[in-house]
Every structure is written in structure tokens, then in C-alpha cells.
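So you can see what is in the structure, the chains are spelled out below.
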Amino acid sequence: MWKEISVLISKEVTLEWRQKFALNGILLYVVSAVFITYLSVGAREGNISEPTWNALYWIIILFSAVNAVAKSFVQEHQGRQLYYYMIASPESIILSKIIYNTGLTLILALLGYGVFSVILGNPVQDQGLFILNLVLGALGFSASLTMVSGIASKAGNNATLMAILSFPVIIPILLMAIRISKNAMDGLDWSVSMDYLFTLLAINAIVAVTGYILFPYLWRS
């Protein structure tokens, strides 16, 4: 199965490289959103608070992840899906997409973090905790949005359906990520954030395992 996953991930990378306009559009969205924030919230005068910095960062990363992951199954036409059905197991397909989307979301999150640091300043005191939080947040966003994207693709790629289904799962992940980021910005000890980290890890595990179990039934339909 791991050989199938590696081949499918390389396929995703190849398709993304051929359609660079999609990735470039997402990168442009991240940079432009940060710059507009810089112009509109008074960051030039240095009066942006840490909670505002934290909230704006995660909102931008969330919408970047939605734009990046939403096309997971949208770009797969019916003939290609039938071909995948014949050569790969559904478990390999869903795991490969989750892994690939996690990497893509993490790249966007790190890019956004770098752009935020350059333009709006970097108030984070505990870089290690913040980066670990980025990894867990990227995994949570990718796992939930990938599964929801698969469900929406079976319903005619209905964007409204994807937004409604992803909302209950994304909100707990977003709240945990914002809370951990606030602790990292305040420089608090890791023991203060351990409960939030374990909660975020548990949510990610539940979403990923649920997608792994349920996707084969969705794929066979």
C-alpha cells in the first residue's frame, strides 16, 4: 500500500507542477492578504495587538487551506477516478491526498508565517511550540477538508455543501490552534499547552481514522 501512496503523491506533485497557476494563485492570496492587513489595521504605526496578529494569521491560513485542499477531488474527472478505482485501493487514495495536502498546507502556513514576520513583525516567543502547532493545524485542516472535498465531489462539487460539512470539524481545530499559538506568543511553558496539544492531536486522529474507514464506501459509490 505504501508503494501506491508514494506513486499517488508523486502524481499529485506532478499535476500541481503542471498547473502552477493554481499554486501561484494561492501564494498570491497569502501575500496580498497579509499586505492588505498591514495597510488596513494600522500595523504601519505598530499598534497591532498580539491577539489580533494571531487571529488574522489563522484566518488567512484557514482560507488558504480551503482554497488549496478544495480542489483535491474537484480536478479529478470521472474517467480518471475510474482509472484510480481499478489500479489503487481507496485507502491509498485518501491517505495520499491527506499527506500531500498536509505538506501543501504546511508550506502555505510557513510562507504566511514568514510574510507575517517580515511585514507585521514577529511577536512569537516560543518558536518550537508555534511550529509544532502549525504542523498539527495543517494536518487537521487537510484531513477534514480532504474528506469533505470527497463527499462534495459526489454531490456535484457543491461548494455550499463543503462549507456546511467542514464547519463543525474546522472550528474546534481552529480554536485549539489559536489557543496554542497565543501561549507560544506569550512564551508560556509547554506544560500549559500540553492539554491543548493532546486535544488537537486527538481531533486530528479521529478525523483521519474516520476518513480512512468511511472513504472506501464513498469511493465505491
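Scoring rules and cut-offs
- Residues numbered from 1 in each chain as written.
- Predicted model: local features only at pLDDT ≥ 70, side-chain atom pairs only at ≥ 80, totals over all residues.
- Heavy atoms only, no water.
- Helix = DSSP H or I, 4+ residues; strand = E, 2+ residues; numbered from the N terminus.
- Buried < 20%, exposed > 50% of the residue type's maximum accessible area, 1.4 Å probe, protein only.
- Contact = heavy atoms within 4.5 Å.
- UniProt positions renumbered as here; feature names shortened; annotations may be inferred.
- Phe/Tyr/Trp six-rings, centres within 6.5 Å; stacked < 30°, edge-to-face > 60°.

**A short note on the side chain of serine 96**
Right, on to step 1. Relative to the elements of secondary structure, serine 96 occurs in helix α6 (residues 90-120).
Right, on to step 2. Since its relative accessible area comes to 2%, serine 96 is described here as buried.
Right, on to step 3. Not counting residues up to four positions away in its chain, the partners in contact with serine 96 are Ile5, Leu8 and Ile9.

**Description of the UniProt feature "transmembrane region" (unreviewed entry) in the protein**
Right, on to step 1. UniProt records the feature "transmembrane region" (unreviewed entry) for residues 21-43, 55-74, 94-116, 128-152, 159-178 and 198-219 in the present numbering.
Right, on to step 2. Helix makes up 100% of residues 94-116 and strand 0%, with an end-to-end C-alpha separation of 32 Å.
Right, on to step 3. The straight-line gap between the two end C-alpha atoms of residues 198-219 is 31 Å; of that span, 100% is helix and 0% is strand.

**Regarding the packing of aromatic side chains**
Right, on to step 1. Per the counting criterion, the structure on display carries ten aromatic pairs.
Right, on to step 2. Taken together, a centroid distance of 6.4 Å and an interplanar angle of 75 degrees make the contact between tyrosine 57 and tyrosine 113 edge-to-face. Taken together, the residues span a long stretch of sequence, with tyrosine 57 in helix α3 (residues 50-69) and tyrosine 113 in helix α6 at a distance of 56 residues.
Right, on to step 3. Judged by relative accessible area, tyrosine 57 falls into the buried class, the value being 0%.
Right, on to step 4. Judged by its relative accessible area of 8%, tyrosine 113 is buried.
Right, on to step 5. Through a chain of ring-to-ring contacts, three or more aromatic side chains come together here, namely Trp53, Tyr57, Trp58, Tyr113, Phe116, Phe130 and Phe141.

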